[in-house]
Amino acid sequence: MIDTQGLAYRYPGGIQLNFPDVAVPQGTVLLLSGPSGCGKSTWLALVAALVRPTAGQLTVAGQALNALNSVAADAWRAGAIGFLPQKLHLSAALTVAQNLAVAQWASGQAEDPVAIRSALAALGVAELAQRKPAQLSGGQAQRVALARAVLQKPQVILADEPTASLDDEAALDAVQLLLATAQAQQATLVIATHDARVAALLEPALPAANRLHRLQLQRPV
Ligand code: ADP
Ligand code: MG
C-alpha cells in the first residue's frame, strides 16, 4: 500500500516538484509515467524513504514515513522496499551469489544461501550464481538485480525505467517478470517509466481484478 497526501520535494537550489496524491492498495500495480525530468525517480526516492519530503505525508506498507529518522528509515527500507534501480549497480568483482549475499549483509541479515538460491531460481537465473556480472547479458543482469531486490520479500517493489534501452521483446520480458515477481510475493509494484510501450504491455498482462493504477507527472514549469 502506498498513500500520499500533498507530497512535494525541492532539491537544494532547485524548483519544487509537487506530486498528485495517490492511494495504491497493497498488491496492485502503479504505473508512474511522464517525460524525462518530471520527477519520477524523485518520487521513488521519497517512497523508499531515501529522501524526506519538503511537504506532505506518505504512508508506505503501513509505515508513516514522516515519523522515521534516518536510522529507522534505513532499517525499514531494508525489509519493506525492493528497489530495481535504472543502473543495476552489481559489483563487478563479486559473483552473482556474492552480490546477493552482500545485499543481505547490508540489510542487517545473516547470509542465507538457501534464500539466495531460491530468489535466483524464481527468476530463472540459478545457473548463473557463480558468474561475474561481466559474464551476463543485459537481461540476465536485470534478473539478478531483481532477485537481489526481492530477497527479503519486500511489500513494495520499485522499478526505475526497467525497459530503458531494451528492444520490444526484452521490454515485454522485463514487464512480465516484474508482474510475476510482484504477484508471487503479493507485493505492490511501481514501474516508473517514460516508455510509452509499458502501459500497452501492462494492461493486457494484468488479471482483471487487479486494475492498473496510474500516476502521470508533468514536467515542472
Ligand atoms: P525523472 O526521473 O522523471 O526523469 P527526476 O526525479 O530524476 O525526474 O528529476 C526531477 C527534476 O529534479 C529534474 O528537473 C531534475 O533536473 C531535478 N533533479 C534531479 N536530481 C537532482 C539533484 N540531485 N539536484 C538538483 N536537481 C535535481
Ligand atoms: Mg528517472
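Residues numbered from 1 in each chain as written. Chains lettered and ligands numbered in written order. Predicted model: local features only at pLDDT ≥ 70, side-chain atom pairs only at ≥ 80, totals over all residues. Heavy atoms only, no water.

Enquirer: Would you explain the sheet that holds strand β7 (residues 81–84) in this entry?
Expert: Sheet strands pair by backbone hydrogen bonding; their relative direction is either parallel or antiparallel. Strand order in this open sheet of five strands is β7-β8-β9-β4-β10, and the pairing throughout is parallel. On the outer flanks of this sheet lie β7 and β10 (212–216), each paired with one strand and no other. This sheet shows a mean twist of 15° between the axes of neighbouring strands, independent of strand direction. Note that strand β8 (residues 156–160) and strand β9 (residues 188–193) share five bridges and pair parallel. Note that in β9 the partner of D160 across the bridge is A192. Against the sheet, helix α5 (residues 138–149) engages β7 and β8, with an angle of about 165° to β7. (Pairing = 2+ DSSP bridges. Helix = DSSP H or I, 4+ residues; strand = E, 2+ residues; numbered from the N terminus. Axes fitted to C-alpha atoms, helices over the stretch in contact; angles between N-to-C directions. Contact = heavy atoms within 4.5 Å.)

Enquirer: For this particular structure, what's the right way to read the packing of aromatic side chains?
Expert: A ring pair, where both rings are aromatic, is described by two values, the distance of the centres and the angle of the planes. Scanning the entire structure with this criterion turns up one aromatic pair. Both rings, one in Y9 and one in Y11, keep their centres 4.9 Å apart while their planes meet at 85°; by these two values the pair is edge-to-face. By relative accessible area, Y9 is classed as buried at 11%. For Y11, a relative accessible area of 40% translates into the label partly exposed. (Phe/Tyr/Trp six-rings, centres within 6.5 Å; stacked < 30°, edge-to-face > 60°. Buried < 20%, exposed > 50% of the residue type's maximum accessible area, 1.4 Å probe, protein only.)

Enquirer: Where do I start with the site of ligand 1 in this structure?
Expert: As a matter of local geometry, ligand 1 sits amid Y11, L17, P35, S36, G37, C38, G39, K40, S41 and T42. Note that an oxygen atom of ligand 1 is positioned 3.0 Å from one of the backbone N or O atoms of G39. In isolation ligand 1 exposes 560 Å². Once the protein is present, 57% of that is buried. With three residues, the single largest contributor to the shell around ligand 1 is helix α1 (residues 40–47). Taken together, the residues of the shell around ligand 1 break down into four nonpolar, five polar and one charged. (Near = heavy atom within 4 Å. Polar contact = N/O pair within 3.5 Å; in protein donor to acceptor, adjacent residues only side chain to side chain. Areas by Shrake-Rupley, 256 points an atom, 1.4 Å probe, with all protein chains shown as cover. Nonpolar A, V, L, I, M, F, W, Y, C, P; charged D, E, K, R; others polar.)

Enquirer: How should I be thinking about the pattern of salt bridges in this particular structure?
Expert: Side chains that differ in sign of charge can pair as their charged atoms come close. Scanning all chains against the criterion turns up six salt bridges. Between R77 and D74 there is a salt bridge, with its nearest N and O atoms 3.0 Å apart. Of the two residues, R77 and D74 both sit in helix α2 (residues 70–80), three residues apart, roughly one turn of that helix. Residue classification places R77 among the buried positions, given a relative accessible area of 17%. A relative accessible area of 44% means that D74 is categorised as partly exposed. Residues D173 and R143 are paired through a salt bridge, measuring 3.4 Å at the closest nitrogen-oxygen approach. Separated by 30 residues along the polypeptide, D173 in helix α6 (residues 168–185) and R143 in helix α5 bring together distant segments of the chain. (Salt bridge = Lys/Arg side-chain N within 4 Å of Asp/Glu carboxyl O.)

Enquirer: Even after reading the chapter, I still don't get the pairing of β9, so can you show me in this structure?
Expert: A regular strand places its side chains on the two faces of the sheet in alternate fashion. Summarising burial for β9: six of the six residues are buried, a large majority. The alternating pattern of β9 places T188, V190 and A192 and L189, I191 and T193 on opposite faces, both of which are buried. Pairing between strand β4 (residues 29–33) and β9: five bridges, direction parallel. Across the sheet, S33 pairs through a bridge with T193, a residue of β9. For the segment spanning β8, α6 and β9, crossover handedness is right-handed. (Right-handed = clockwise from strand over helix to strand, strands pointing away.)

Enquirer: For this particular structure, what's the right way to read the nonpolar core?
Expert: In a soluble, globular protein the nonpolar side chains are often hidden away together inside. In terms of nonpolar packing, the biggest core is built from 43 residues, with L120, L146, I157, L178, L189 and L202 touching the most fellow members. Not counting chain neighbours up to four residues away, the residues in contact with L202 comprise V29, L31, V175, L179, I191 and L212. L17, L65, A73 and A192 belong to the second-largest nonpolar core, a separate cluster that totals 31 residues. (Core = buried A, V, L, I, M, F, W, Y, C linked by side-chain atoms within 4.5 Å.)

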